[in-house]
Every structure is written in structure tokens, then in C-alpha cells.
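The primary structure of each chain is shown beneath.
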Amino acid sequence: MSTTRKHTALPKAQILIEALPWLVRHNGKTVVIKFGGNAMIDEDLKAAFAQDVVFLHHAGIKPVVVHGGGPQISAALDKHGIVSEFKAGLRVTTEDAMDVVRMVLAGHVQRELVGLLNQHGPLAVGLTGEDAHTITAVKHQPEIDGELVDIGRVGEITDIDTGAIEALLADGRIPVVSSIARSQDDHHVYNVNADTAAAALAAALGAETLMVLTDVEGLYEDWPNSDEVISRLTAAQLEKLLPELSSGMVPKMEGCLHAVRNGVNTARVIDGRVQHSILLEIFTDEGIGTMVVPDEKTDAQDVQGES
């Protein structure tokens, strides 16, 4: 081998060797990934996301992708002449709006994502929370100024049935789940928060890791005074911080808290604006973003990327 080839090949080998302990640790484990933010809109980021998920699959990990579609839903509602309204950080979802939400999530966003993944082989299968009773919900009424407010077909998750997802994983497929739920008590469907849905699925599947893609670097130490990201914190530390968080981060961090308090080993909020952020988080010593661990973790297990 020429000197030049040695020099170009060696760094690649070193990168693969660095990934080895993580590959061993995650082999056969389920990783739930919430796909959202800028990564859903930017073509290059979408392609990189699909490559990352397929890489995990071929590395012996079982990825499950959960997605919402806020920007796409807003654009479609606008096209249909339906005004987008938010209360308590949640989209007010009328019956007409729900039809559009369902169409966008299951008919557009999910199809595109399944198509991107399946450019790499017959891997991805799309389903919504309605399929095989995967996600069941009841009407969610947030409290604003001490009063319960009706925001339409917005659901609060009451039950998860992982049967269909587990069957797909056992068959070597990549499930792609839209955040729509069946109703527990009538024949309608509900729009559910995708961060919450991903966390509930991660807990029900006994996932090794929940990863939530965001449009920020992670959880900031003292925003807006500092852009220092907290690289790791325990469930108890996160619980104390929740009241101070911006409304957009609350469902993500509540989801992380729910996951690690219900059997998931680590929950991570990572910057989806960085290409291949999933691989950087799982397979490198440094890790990126913010990792939440259960309270009972010892210091020896807490090292970023260790689980």
C-alpha cells in the first residue's frame, strides 16, 4: 500500500475502532428517534438522517422513527384556508384541521421519509398510532389561568400497544410512526405531540435510548445569558429545571424525563441541524447535545455516550 493510501485509510480505521465499544453496547438494542425541526425541511439534512438510520439498522441496532410535521401542517392548513392557532403551546385542532393533520402526517411527511429510507433497501414501513392500536389517547384539555380549555382533537396518550412495531423490528424493518392516535372513547382520531409519542413508545418498547432531534444545540445552562450546553443531567436535576424552560423545549424534556423514569437508559436532545448528528451522538467519545440519565446511575456509568 502506498504511503498516501495509508495516510487516508488510517483515520477511517481509527474512527471505526472508536465506534466499536458503542457498536457492541447497542447491538440488538432498540433506539427510538424523534425526527423533527430543521432536519425535516432541509433536503441535505433529510438525506443524512436517512443514511444515519439505515447505518444504525445495518450496525445491528433497531431504530424506530417517530415524527410530527408542524411546519408542513401549518402550510397545508394555510392552503386550505384554516387559521393555525396555538394555546398552551399546542395546536388547536378542529375537525377540519384534524383531517388536514392526518393527511399531511400519514400521506406526505411519512411517505417522504419512508421513501428516503427505502432508497437504501426494502427497510422502512410506515404506520400511524391508529394502526393496530399502537397509540391510544383521550381528549387533552390544557389548563390556562386555572381553567380547562378545549383545543379540539388534541390527545393525551393513555396506552401504547407495541405489537405491530415489535413484529416489524423482528422482521428486520424500520418502523416509521406518525403521531396520530386512536381515540379510547369514540370513533375519532387525535393529534398527539410527537415528542410525547416518541417518549411513550421508547418506554413501552424498553428502548436503550430515546433521541430527540431539535433546532438547538441541546439544553442551555442559563439561556439567554449563556449558550453553554448542559452535556449531562439526571432525571431529578431535569425535573427541577422544567419550570424555567421555554415552551418549545418543555415537551421534549418532559419526554426525556418520562423515558428515563420508565426504563429507558438514556434520553438525548441533539442538534438536528448538524449532519449525521445521530451517529456523532451514539458512536463518539465526545457526544453532542444533552443526555438525561436515570437518578440511580452511578458516576462510572454517567460518562457521555457510555450507554
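Treat the numbers as computed from the prediction; the structure is a model and nothing was measured.

## Topic: the side chain of Ser178
In this structure, Ser178 sits in strand E10 (residues 174-183). For Ser178, the side chain forms a polar contact with the side chain of His67, separated by 2.9 Å. Among the polar contacts made by the side chain of Ser178, one reaches the main-chain carbonyl oxygen of Leu105 at a distance of 3.4 Å. Those residues in contact with Ser178 that sit more than four places away from it in its chain are His67, Leu105, Ala106, Gln110, Leu127, Thr128 and Gly129.

## A word on the layout of surface pockets
Of the pockets and cavities examined, the second largest pocket occupies roughly 230 Å³. Contributions of two or more residues to the lining of the second largest pocket are made by helix H1 (3-26) and helix H9 (277-283). Top contributing element to the lining of the second largest pocket by residue count: H1, with five residues. Of the residues in the lining of the second largest pocket, the class split is eight nonpolar, two polar and two charged.

## Describing the pattern of salt bridges
Applying the stated criterion across every chain, the model contains 14 salt bridges. Residue Glu43 is joined to Lys46 by a salt bridge in which the shortest nitrogen-to-oxygen separation is 3.2 Å. In this pair, Glu43 and Lys46 both sit in helix H2 (residues 43-58), three residues apart, roughly one turn of the helix. Residue Lys46 is classed as buried on the basis of its relative accessible area of 6%. Look at the salt bridges and you will find they share partners, linking Lys34, Asp195 and Lys252 into a network.

## Looking at the pairing of strand E2 (residues 62-67)
For E2, the tally of buried residues reaches five of six residues, placing the bulk of the element in the interior. Strand direction decides the pairing type here: strand E1 (residues 30-35) and E2, joined by six bridges, are parallel. Residue Val31 lies in a different strand from E2, and its bridge partner there is Pro63. For the handedness criterion, the β-α-β arrangement of E1, H2 and E2 is classed as right-handed. Inspection of the sheet shows E2 paired to E10 by three bridges, in the parallel sense. Bridge assignment links Val66 to a residue of E10, and that residue is Val177.

## Regarding the packing of aromatic side chains
Taken as a whole, this structure holds two aromatic pairs when the rule is applied. Between the aromatic rings of Phe55 and Phe283, the centroid separation amounts to 5.9 Å while the plane-to-plane angle is 65°, which identifies the pairing as edge-to-face. A residue pair is termed long-range when its members are at least 10 positions apart, and Phe55 in helix H2 and Phe283 in helix H9 qualify at 228 residues. Classification of Phe55 by relative accessible area gives partly exposed; the value is 41%. Owing to a relative accessible area of 6%, Phe283 belongs among the buried residues under this scheme. Over the aromatic face of Trp22 sits the side chain of Arg25, whose NZ or CZ is 5.6 Å from the ring centroid. Here the basic side chain of Arg153 rests over the ring of Tyr190, its NZ or CZ set 4.2 Å away from the ring centre.

## Some thoughts on the nonpolar core
Formed by 42 residues in total, the largest nonpolar core has its most connected members in Ile33, Phe49 and Leu117. If you list the elements that add at least two residues to this core, you get H1, E1, H2, helix H3 (70-79), helix H4 (95-117), E10, strand E12 (209-214) and H9. Sort the elements by how many residues they give to this core and H4 lands first, with 11 residues. Setting aside residues up to four positions removed in sequence, Leu117 forms contacts with Ala50, Val53, Val54, Leu123, Ala124, Ile174 and Val176. Core analysis: the second largest hydrophobic core is formed by 41 residues, Val32, Val64, Met253 and Leu257 among them.

Parameters at a glance
- Residues numbered from 1 in each chain as written.
- Predicted model: local features only at pLDDT ≥ 70, side-chain atom pairs only at ≥ 80, totals over all residues.
- Heavy atoms only, no water.
- Helix = DSSP H or I, 4+ residues; strand = E, 2+ residues; numbered from the N terminus.
- Polar contact = N/O pair within 3.5 Å; in protein donor to acceptor, adjacent residues only side chain to side chain.
- Contact = heavy atoms within 4.5 Å.
- 1 Å grid on protein atoms, 1.4 Å probe; cavity = no way out; pocket = protein on both sides within 12 Å on 5 of 7 lines; lining within 4 Å.
- Points joined across faces, edges and corners; volume = space filled by probe spheres on them.
- Nonpolar A, V, L, I, M, F, W, Y, C, P; charged D, E, K, R; others polar.
- Salt bridge = Lys/Arg side-chain N within 4 Å of Asp/Glu carboxyl O.
- Buried < 20%, exposed > 50% of the residue type's maximum accessible area, 1.4 Å probe, protein only.
- Pairing = 2+ DSSP bridges.
- Right-handed = clockwise from strand over helix to strand, strands pointing away.
- Phe/Tyr/Trp six-rings, centres within 6.5 Å; stacked < 30°, edge-to-face > 60°.
- Lys NZ or Arg CZ within 6 Å of the ring centre and 35° of its normal.
- Core = buried A, V, L, I, M, F, W, Y, C linked by side-chain atoms within 4.5 Å.

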